[in-house]
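Working through the structure, step by step
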Amino acid sequence: MGVEICVEGLTKSFGHQVIWQDVSLTLPAGEVSVMLGPSGTGKSVFLKTLVGLLKPDRGCVKVAGRDITRLREHDLYEVRKLFGVLFQDGALFGSMNLYDNIAFPLREHTRKSESQIRRIVLEKMDMVGLIGSEGKLPGEISGGMRKRAGLARALVLDPEIILFDEPDSGLDPVRVAYLNQLIVDLNAQIDATFLIVTHDIASARQVPDNIGLLFRRELVMFGPREQLLTSDEPVVRQFLNGRMQGPIGMAEEKDAAQVEQELARLGDMDRKARHVGNDMTPRLLPSPGITRPPRWEAIARRESELHRKEAADA
Ligand SMILES: Nc1ncnc2c1ncn2[C@@H]1O[C@H](COP(=O)(O)OP(=O)(O)OP(=O)(O)O)[C@@H](O)[C@H]1O
Ligand SMILES: [Mg+2]
């Protein structure tokens, strides 16, 4: 059931520009994790490093126990079949219609017949609401439709690991709600391990088991959803509340004195909000009829986190 991804001491730079350093985290098998972070902090670079499209300077990425940063091209090709990836720009082939774009991984990686392919492609197109647009070219449709076509293509190989780079950007709020439900249902049905990059805070609060945050070239935090939603860490609080006040500025980091002033003013408001439990948005449940098998490790982690918090509060 799903595959664990274990990242240890990962560092990536382009020339002299360090993108992030010493990132360590485990994406637990079968769980949904969300990666947050201001624009330009290297979330897309992180996803590309996980699939082996970019080589890190240091560290390792173990997928089902194999370090993909050290695999030869042929072995990497095999491991990549475990992944379904939606790139930020959709990465559709401009000269192929949607049907052929979505069928592409099946034709490339499997020996399925065209009638088997047709069944799978139409099933996935139906799932993302694209039935009727099979013959359209990527250039003829809206950004949101391209995004959904990319989603359908990421799912055709029944991946064990699903990486989505901003699947919700360019979608209207209703489609975002459908997409979140789709992710929760998929995860309950196919047990895949998910990592989703998003800027949508409402989604980040409702969908995942785990949340991570990249900022200032580091992974500030990664842990169970509850841990981040109730965290006192200023960067985490600012981001999850979508506020201007805090360490994250528009173009660059703010100076320490300004941050302290802003946070002092917010402090009381925050404490009150937490007291009435505003922070604990419930996790989105699978649709009726779909049951998610218990994720025992996640339950154990969450309980030990609750105990830790109780002990700290006492
Ligand atoms: N192939 C590359 N060569 C050189 N620099 C790159 C390359 N890819 C990304 N970068 C740089 O790495 C940094 C992080 O980029 P990335 O696209 O990962 O950010 P992001 O967190 O996904 O941002 P956004 O939220 O806007 O999508 C940027 O400064 C970008 O210019
Ligand atoms: Mg990006």
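Residues numbered from 1 in each chain as written. Chains lettered and ligands numbered in written order. Predicted model: local features only at pLDDT ≥ 70, side-chain atom pairs only at ≥ 80, totals over all residues. Heavy atoms only, no water.

Within an unreviewed UniProt entry, the label attached to the chain reads ABC transporter ATP-binding protein, and the organism entered is Streptomyces albiflavescens.

A word on the overall build of the chain
Just so we agree on the cut-off: Going along the chain from the N terminus, every DSSP run of H or I of four or more residues is numbered as a helix, and every run of E of two or more is numbered as a strand. A simple rule labels every residue: compare its accessible area, found with a 1.4 Å probe on the protein chains alone, to the largest value its type can have, and call it buried under 20%, exposed over 50%, or partly exposed in between. Residue contacts are defined here by distance: any two heavy atoms, one from each residue, within 4.5 Å place the two residues in contact. The method behind every accessible area is Shrake-Rupley, applied with a 1.4 Å probe, and residues are considered shielded solely by the protein chains displayed.
Within the chain, the regular secondary structure consists of eleven helices and ten strands. Across the 314 residues of the chain, 50% fall into the buried class. Long-range contacts, defined as pairs at least 24 residues apart, comprise 65% of the intrachain contacts of the chain with a sequence gap of at least 6. In the form shown here, the chain has an accessible surface area of approximately 15600 Å², with 53% of it arising from carbon and sulfur atoms.

Focus on the coordination of the magnesium ion (ligand 2)
The condition that has to hold: Shown as donors are all N, O and S atoms within 2.8 Å of a metal ion, widened to 3.2 Å for Na, K and Ca; because water is not in the atom set, sites may appear incomplete.
The magnesium ion (ligand 2) binds to the protein through Ser 44 (OG) and Gln 88 (OE1); the donor distances cover 2.1 to 2.2 Å. One end of the pair, Ser 44, is in helix α1 (residues 43-50); the other, Gln 88, is in the loop between β6 (83-86) and α3 (98-109), and 44 residues separate them in sequence. The exposure class of Gln 88 is partly exposed, given its relative accessible area of 36%.

Here's the deal with the nonpolar core
Operational definition: The definition of a nonpolar core used throughout is a set of buried Ala, Val, Leu, Ile, Met, Phe, Trp, Tyr and Cys residues joined through side-chain atoms within 4.5 Å.
Leu 36, Val 121, Phe 164 and Phe 194 are the most contacted members of the largest nonpolar core, which has 49 residues in total. If we skip the residues at most four places from it in the chain, Leu 36 touches Lys 43, Thr 198, Ala 204, Ile 211, Gly 212, Leu 213, Leu 214, Phe 239 and Leu 240. Core analysis: the next-biggest nonpolar cluster, separate from the first, contains 30 residues, Leu 10, Leu 27, Ile 68 and Leu 214 among them.

Examining α1
The buried fraction of α1 is high, at seven of eight residues. Those residues of α1 that fall on the buried side of the exposure criterion are Lys 43, Ser 44, Val 45, Phe 46, Leu 47, Thr 49 and Leu 50. Just past α1, the residue Gly 52 takes up positive phi, approximately 85°.

Looking at the sheet that holds strand β9 (residues 210-215)
Filter applied, for reference: One requirement defines pairing of two strands: DSSP has to find at least two bridges between them. To get an axis, fit a line to the C-alpha atoms, keeping to the stretch in contact for a helix; angles then go from 0 to 180 degrees between the N-to-C directions.
If you walk across this open sheet you meet the six strands as β6-β7-β8-β3-β9-β10, and the pairing is mixed. Both outer strands of the open sheet, β6 and β10 (218-224), are each paired with one neighbouring strand and no more. Averaged over all neighbouring strand pairs, the angle between strand axes comes to 15°, with direction disregarded. Relative to β10, β9 runs antiparallel, the two sharing six bridges. Opposite Phe 215, over in β10, you have Glu 218 as the bridge partner. This element, helix α6 (residues 173-190), spans β3 (32-36), β7 (161-165) and β8 (193-197) of the sheet and lies at about 160° to β8.

Quick word on unusual backbone geometry
Here the phi dihedral of Ala 64 falls at roughly 50°; this positive angle occurs in a residue that is not glycine. Inspection of the secondary structure puts Ala 64 in the loop between β4 (58-63) and β5 (66-67). When its relative accessible area of 56% is taken as the criterion, Ala 64 is described as exposed. Of note, the phi angle at Asp 191 is positive, near 65°, even though the residue is not glycine. By relative accessible area, which is 16% here, Asp 191 ends up buried.

Let's talk about the site of ligand 1
This is how it is decided: The near set for a molecule or strand comprises every residue that places at least one heavy atom within 4 Å of it. Any N or O atom pair separated by 3.5 Å or less is treated as a polar contact, with the protein-specific requirement of one donor-capable and one acceptor-capable atom, and with residues adjacent in sequence counted only for side-chain atom pairs. Polar here means any residue other than Ala, Val, Leu, Ile, Met, Phe, Trp, Tyr, Cys and Pro, which are nonpolar, and Asp, Glu, Lys and Arg, which are charged; Gly is therefore polar.
If you check the shell around ligand 1, you find 14 residues, and the closest are Ser 39, Gly 40, Lys 43, Ser 44 and Gln 88. In this structure, an oxygen atom belonging to ligand 1 sits 2.8 Å away from a main-chain N or O atom of Gly 40. Within the backbone of Thr 41, a nitrogen or oxygen atom sits 3.2 Å from an oxygen atom of ligand 1. Here ligand 1 has 640 Å² of accessible area as a free molecule, and 62% of this is covered by the chains. Secondary structure elements with two or more residues in the shell around ligand 1: β2 (17-27) and α1. In terms of residue class, the shell around ligand 1 is made up of four nonpolar, eight polar and two charged.

Concerning the pairing of β3
Looking down a regular strand, the side chains alternate between one sheet face and the other. Judged by how many residues are buried, β3 sits mostly within the fold: five of five residues are covered. As paired elements, β3 and β8 share four bridges and run parallel to each other. Paired with Val 34 across the two strands is Ile 196, which belongs to β8.

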